Amino acid sequence: MTSKRLDAYLSKLGYCTRGEAKKFLRIHEVKENDLRIFDVSKKVKHSSITIDNEPLDSESLTILMNKPEGVVCSHDDSGKLIYSLLPLRWQNRNPKLSTIGRLDRDTTGAILLSDNGELNHRLTSPKSDVPKIYRVTLAHPIADSVASIFASGELLLHGEDKPLLPAKLTKIDDLTVLLEIVEGRYHQVKRMFGAVQNRVQALHRETFDKWDIEKLQSGEYKILDFK
Ligand code: URA
């Protein structure tokens with residue numbers, strides 16, 4: 001395992017800036033193998049450090065969140081950002097946590113946030129075919145023909161020249177369906193129902209790839225283990 005200056009770890013993991021590190025060490029009990037440290041430049045191993053008797057946050061972080069309504073999956077929007085739901089030090093990590101793909105402001109449900117660029121690319125690239133299941137509440141009763149239109153692999157969205165890959169629609173009741181898609185085009189689900197003269201009233205993503213948010217309340221999140 002590599003060693004880094006303590007102040008480099010503290011700023012990378014969002015505990016404080018490098019400039020604040022000296023003060024941080026006075027206020028918090030930062031220990032290396034149980035011996036308190038006051039020297040911000042000391043070279044240390046990540047695994048040997050504790051802060052107030054807690055291990056350091058992991059060097060790479062990936063989180064599954066049940067996104068609530070009204071927050072935006074962006075770093076630079078004027079609205080309330082999804083990142084504001086996280087502990088402050090996670091908001092200050094460098095590299096930053098970013099959402100893996102996006103959900104609209106009014107869409108709820110499963111979303112990953114990660115600082116792992118390779119994972120982000122793997123799960124969002126057009127070739128990735130990651131399955132996502134949405135629970136869709138519709139404005140009008142679902143027509144019988146829609147499941148086969150979505151499954152056909154021939155549906156063309158307005159303004160696009162490449163048809164959508166087949167998607168699986170399961171009817172729950174007249175106004176509620178589950179929709180499984182493997183792509184992630186802009187406003188895809190809303191545009192799909194628009195293409196069949198219906199309208200999405202509420203959209204909730206139940207699963208993203210193998211992750212579901214069954215046990216997470218709205219706004220709750222958990223750390224995913226990628227070891
Ligand atoms: N499709 C949409 O239209 N909106 C989302 O937020 C996700 C998928």
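Enquirer: Describe helix H4 (residues 117-124), with residues and values.
Expert: Looking only at H4, the buried set comprises Leu 119, Asn 120 and Leu 123. Down the axis, H4 shows its buried residues gathered within 100° of arc, on one side only. More than 90 degrees from the buried face of H4, the exposed residues found are Gly 117, Glu 118 and His 121. Packing partners of the buried residues in H4 comprise strand S7 (62-67), strand S8 (98-99), strand S9 (107-114), strand S13 (200-208) and strand S14 (211-212).

Enquirer: Could you give an account of the domain arrangement of the chain, with specific residues and numbers?
Expert: Segmentation of the chain into domains returns domain 1 (4-55), domain 2 (62-125 + 213-223) and domain 3 (132-208). Using C-alpha coordinates to define each centre, domain 1 is positioned 50 Å away from domain 3.

Enquirer: Before we move on, can you summarise the site of the ligand with the specific residues and values?
Expert: Every residue near the ligand is listed here: Leu 103, Asp 104, Thr 107, Tyr 134, His 187, Gln 188, Val 189, Lys 190 and Leu 203. At a separation of 3.2 Å, an oxygen atom of the ligand approaches a polar backbone atom of His 187. In isolation the ligand has 240 Å² of accessible area, and contact with the protein removes 95% of it. When residues of the shell around the ligand are assigned to their parent elements, the largest contribution, three residues, is made by helix H6 (residues 188-195).

Enquirer: Tell me about the pairing of strand S11 (residues 168-173), and please be specific about residues and values.
Expert: A regular strand carries its side chains on alternate faces of the sheet. Of the pairings in the sheet, the one linking S11 to strand S12 (residues 176-181) comprises five bridges and is antiparallel in character. Along S12, the bridge assignment pairs Lys 171 with Val 177. Between S11 and S12, which follow one another and run antiparallel, lie two residues.

Enquirer: I'd like a description of H6, backed by residues and values.
Expert: When we look at burial in H6, the residues that qualify are Gln 188, Val 189, Met 192 and Phe 193. Viewed end-on, H6 has its buried residues packed into an arc of 130°, placing them on one side of the element. Check the buried side of H6 and you find it contacts strand S10 (132-138), helix H5 (146-151), S11, S12 and S13. Looking one or two places after H6, you find Gln 197, whose phi comes out positive at around 55°.

Enquirer: Report on the environment of Thr 50, specifying residues and quantitative values.
Expert: Here Thr 50 shows up in strand S5 (residues 49-51). Ignoring anything within four residues of it in the chain, the contact list for Thr 50 reads Glu 29, Val 30, Lys 31 and Pro 55.

Enquirer: Give a detailed account of the side chain of Ser 74, specifying residues and quantitative values.
Expert: Looking at the secondary structure, you find Ser 74 in the loop between S7 and helix H3 (88-91). On the basis of relative accessibility, which here comes to 6%, the residue Ser 74 falls in the buried class. Side-chain polar atoms of Ser 74 contact the side chain of Asp 76, separated by 3.0 Å. Setting aside anything within four residues of it in sequence, one finds Ser 74 in contact with Leu 81, Tyr 83 and Arg 102.

Enquirer: Talk me through the packing of aromatic side chains; I want residue IDs and the actual numbers.
Expert: The full count for this structure, using the stated rule, is three aromatic pairs. Seen in terms of ring centroids, Phe 150 and Phe 193 are 5.2 Å apart; in terms of plane orientation they differ by 80°. Their pairing is edge-to-face. Note that Phe 150 is positioned in helix H5 and Phe 193 in helix H6, a separation of 43 residues in sequence. Of the two residues, Phe 150 and Phe 193, neither departs from the other in class, the shared state being buried.

Conventions we followed
- Within any chain, residue numbers begin from 1 and follow the written order of that chain's sequence.
- Totals for whole chains, interfaces and linings use every residue, but because this is a predicted model, local features are given only for residues with pLDDT of at least 70 and side-chain atom pairs only at 80 or more, for both listing and counting.
- To get the side-chain values, all heavy atoms of the structure are used, and hydrogens and water are removed first.
- A simple rule labels every residue: compare its accessible area, found with a 1.4 Å probe on the protein chains alone, to the largest value its type can have, and call it buried under 20%, exposed over 50%, or partly exposed in between.
- Working definition: helices are DSSP H or I runs of at least four residues, strands are E runs of at least two. Numbering for both runs from the N terminus.
- It is the directions from the helix axis to the C-beta atoms whose arc is reported.
- Every residue pair with non-hydrogen atoms within 4.5 Å of one another is taken to be in contact.
- An automatic or database domain assignment provides the domain bounds reported here.
- A molecule or strand has a residue near it when one of that residue's heavy atoms lies within 4 Å.
- Pairing of N or O atoms within 3.5 Å defines a polar contact, subject to two protein rules: one partner must be a possible hydrogen donor and the other a possible acceptor, and residues neighboring in sequence count only if both atoms are side-chain atoms.
- For every accessible area listed, the method is Shrake-Rupley and the probe measures 1.4 Å; residues are considered covered only by the protein chains on display.
- For two strands to pair, DSSP has to find at least two bridges joining them.
- The rule is short: rings of Phe, Tyr and Trp, with Trp giving its six-membered ring, pair when the centres are within 6.5 Å, and they are stacked under 30 degrees, edge-to-face over 60, tilted in between.

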